[in-house]
Amino acid sequence: MSIPGPVGQGLQLAPFRGLRYVAERVGSLAAVTSPPYDVVVRPDGLRALETADPYNIVRLILPQAGTPADRHRQAAETLRRWQADGILAPDPEPALYVYEQRDGHVLQRGIIGALRLSPREEGVVLPHEEVMPHVVEDRAALMRATDANLEPLLLAYRGDGSVTGAAAVLERTVQGSPLLSTLTEDGFSHHLWRVTDPADLAQIAADLRHRQALIADGHHRWATYLRLREERTEPGPWDFGLVLLVDTARYPLRVRAIHRLLHQLSPAEALAALGAPDAHRMPVPVPGSPTPGSPTPGSGGAAFRIRPVAGPLPQALATLAKAADEPGAGNAFLLAGHGGFLLLDRPDPALLARTIPADRPEAWRTLDATVLHSLLLQHIWKVPDTPGHIGYIHDAAAAVEQAERHGGTAVLMHPVREGVVHDLARQGIPMPHKSTSFGPKPASGLVLRSLALG
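Residues numbered from 1 in each chain as written. Predicted model: local features only at pLDDT ≥ 70, side-chain atom pairs only at ≥ 80, totals over all residues. Heavy atoms only, no water.

### Thoughts on the pairing of strand β16 (residues 333–337)
Next, step 1: Among the 5 residues of β16, 5 are classified as buried, and the element is accordingly described as predominantly covered.
Next, step 2: Judged by which residues are buried, β16 turns out to be covered on both faces: Phe333, Leu335 and Gly337 on one side and Leu334 and Ala336 on the other are all buried.
Next, step 3: Here 5 bridges tie β16 to strand β17 (residues 340–345), and the two strands are oriented antiparallel to one another. The residue bridging alanine 336 from the neighbouring strand is phenylalanine 341, located in β17.
Next, step 4: Hairpin connection, β16 to β17: the antiparallel pair is bridged by 2 residues, and histidine 338 has positive phi, about 60°.
Next, step 5: Bridge count between β16 and strand β19 (residues 409–412): 3 bridges; the pairing is antiparallel. Bridge pairing links leucine 334 to leucine 412 in β19. (Buried < 20%, exposed > 50% of the residue type's maximum accessible area, 1.4 Å probe, protein only. Helix = DSSP H or I, 4+ residues; strand = E, 2+ residues; numbered from the N terminus. Pairing = 2+ DSSP bridges.)

Okay, here's the thing in structure tokens:
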């Protein structure tokens, strides 16, 4: 199905009364922020955030308790208590929020607001990935319990590159003093401004009503927004969801990969299934070992060409990037765990033809994520796509560290090209879940949306 351009009113971004931390009541604004819930590396990153400040937002977006119902109830109680105690307080009037992230190499600016929800067929908001039902159900239960949007999605739209319309309001707003500023441990500075002037709000609305947006980050939360809206029979605050809109004509996003951690598949088992005998550990290149470009002895070349590559991790990732861009290499993956790295590339065309669904476009059938899940995970390794078997980790070093610590296997991915993402989204063809990681992602905890405030 091909998705048309936006119909009707396009993007409709509404002001809302932001719920924000009271700076005087917390150790620091940086200490109460967190990456988005699905980027937090668990358990180590979760513990670090929980101990950074007793009021860190992770206690709301990733509450810890014995059962899902207890977790959601705990988050709701925590949110109510923090508001009663003055830790979180609503802004005095509805506003849109200009949000800036900056480090030494990246400057990103966008507008945070409550976006009118729209079904895919309207062509206003385009998802590009499939979602996992159990994640949507968990997020839905959390939003029902808290009656809040706790962190914004990241949506990308493309303006005309000029400083007019919404871009003009944004650039004018950042000339004033920010509402808040903080510097997080990842080196990013964060600034937030409030937009309340009716003329500015009207200018933004007039510009966005002609725009179409791609979900860059937050597919599960968008699917959650839509599910919760369907549960309501009357119009109300559930018709809108908290988002950050970024004009990528002015502030291009970066596309990174999301890596897989196979909890219950050891490197030896992974290699044996691929046809590499006596694989008690990941081979590390030493003098006299196979040189890059030659198959590992015993690999048979049946499913993939298998080559040991030298570390450390940055060097191994550079080898993966080179292989992914090499003409004729096809799909490429880096296996890590138990002390070394293996490069898999040049998958067998006949095997691909037997295992990859044929009812999708060529761009979808040749995606690394498609080949990984259809050929490697389902056909060769027979790994179920459940949380107990597969973890999705944005940071390659964290994936490798956890694989080595617990005896699993990390599958490191190469980023997909942004143009492929947009093309498939416009065709209405969802990519496999967790295929891309757009960024930089908005920090969670700077502004929340309580639906009780309207």
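Picking up where we left off.
### A word on the confidence of the model for the chain
Predicted coordinates in areas of low pLDDT are best not read in detail.
Next, step 1: Averaged over all residues, the pLDDT of the chain is 90; the fraction at 70 or higher stands at 92%.
Next, step 2: Contacts from residues 284–301, a stretch scored under 50 in pLDDT, to residues over four places away or in other chains number 24 contacts. (pLDDT = per-residue confidence, 0-100. Contact = heavy atoms within 4.5 Å.)

### Describing helix α9 (residues 267–274)
Next, step 1: Residues of α9 that are buried: Pro267, Ala270, Leu271 and Leu274. Burial along α9 is one-sided: seen end-on, the buried residues are contained in an arc of 95°.
Next, step 2: Packing partners of the buried residues in α9 comprise β15 (305–309), β16, β17, α13 (368–380) and β19.
Next, step 3: Downstream of α9 by a residue or two, glycine 275 has a phi angle that is positive, lying close to 100°. (Arc of directions from axis to C-beta.)

### Overview of the environment of isoleucine 258
Next, step 1: Structurally, the position occupied by isoleucine 258 is in the loop between β13 (254–256) and β14 (259–262).
Next, step 2: Taking the relative accessible area as the measure of exposure, isoleucine 258 reaches 2% and is therefore buried.
Next, step 3: The sequence separation of isoleucine 258 and aspartate 395 amounts to 137 residues, and the corresponding C-alpha distance is 7.5 Å.
Next, step 4: Aside from chain neighbours lying at most four places away, what touches isoleucine 258 is Tyr392, Ile393, His394, Met413, Lys434, Thr436 and Ser437.

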